[in-house]
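Take a look at the letters that make up each chain.
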Amino acid sequence: MNRRDILAGLTAAAIMPRVTRAKGFVDLAWTDLVPVGTTPPAPVFEGLIDHTIAPLSAQQPPSSGLRADWNGQTVRLPGFVVPLDHSGTGIRSFILVPFVGACVHVPPPPANQLVLVTTDRPFQSAGLYEAVHVTGALGVSTVHTHLAEVGYSLAAQNVKPFAD
């Protein structure tokens, strides 16, 4: 092994997401879902939204593409819950969004910043402002919902309140 191999390995390790081997999942950040070389949109609220004009889903910016690096792997991603399938027993499917209000009070972020989460075991949510960590198998799967176009899917094994 030479000095270049070591430097290349260290560089690769620095840009890859943190891997938690003992827990068996890859810890992802929202920036990890954006193709390399592109910048994710800033989660800014641009004033008040007029809900009488076109639906917020029509105001969704285009996606810069998706990444398949973690396709099929178990990952953990933090975010906020926007319920899609809610019943008296809890939430079975939802869109995981990177900031509060996305898809509900402001136009949705690009598809590469949204994850459709499904779970066999419904969970009780404390509301739209609750931050959660979702762990499960990630997939690249474009899905159109009434709220937005979603770029990723995640079969949740675990949904817990956010904790570092």
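The notes below deal with the structure included here. (Residues numbered from 1 in each chain as written. Predicted model: local features only at pLDDT ≥ 70, side-chain atom pairs only at ≥ 80, totals over all residues. Heavy atoms only, no water.)

Relative to strand β6 (residues 131–144), strand β3 (residues 74–87) is paired through seven bridges, and the arrangement is antiparallel. Residue pairing for β6: Thr-74 is matched across the bridge by Ala-137. In this structure, β6 lies alongside strand β7 (residues 149–161), joined through eleven bridges in antiparallel fashion. Paired with Val-134 across the two strands is Val-159, which belongs to β7. Count of turn residues in the β6/β7 antiparallel hairpin: four residues. (Pairing = 2+ DSSP bridges. Helix = DSSP H or I, 4+ residues; strand = E, 2+ residues; numbered from the N terminus.)

A regular strand places its side chains on the two faces of the sheet in alternate fashion. Pairing between strand β5 (residues 115–123) and β7: five bridges, direction parallel. Across the sheet, the residue bridging to Val-115 is Tyr-152, located in β7.

In this section: the nonpolar core. Counting residues in each nonpolar core, the largest one holds 21 residues, and the members touching the most others are Phe-94, Leu-96, Val-115, Val-134 and Leu-138. Contributions of two or more residues to this core are made by β3, β4 (90–97), β5, β6 and β7. Not counting the four nearest positions on each side in its chain, Val-115 is found in contact with Trp-30, Leu-33, Leu-77, Phe-94, Ile-95, Leu-96, Leu-138, Val-150, Tyr-152, Ser-153 and Leu-154. Counting 13 residues, the second-largest nonpolar core is a separate cluster that includes Val-82, Val-106, Leu-147 and Val-150. (Core = buried A, V, L, I, M, F, W, Y, C linked by side-chain atoms within 4.5 Å. Buried < 20%, exposed > 50% of the residue type's maximum accessible area, 1.4 Å probe, protein only. Contact = heavy atoms within 4.5 Å.)

With that settled, consider the pattern of salt bridges. Applying the stated rule across the entire model yields two salt bridges. The salt bridge partner of Arg-76 is Asp-27, with a shortest N-O separation of 2.8 Å. Residue Arg-76 is located in strand β3, and its partner Asp-27 is located in strand β2 (residues 25–27); the two are separated by 49 residues in the primary sequence. As far as the burial class goes, Arg-76 and Asp-27 line up, both buried. (Salt bridge = Lys/Arg side-chain N within 4 Å of Asp/Glu carboxyl O.)

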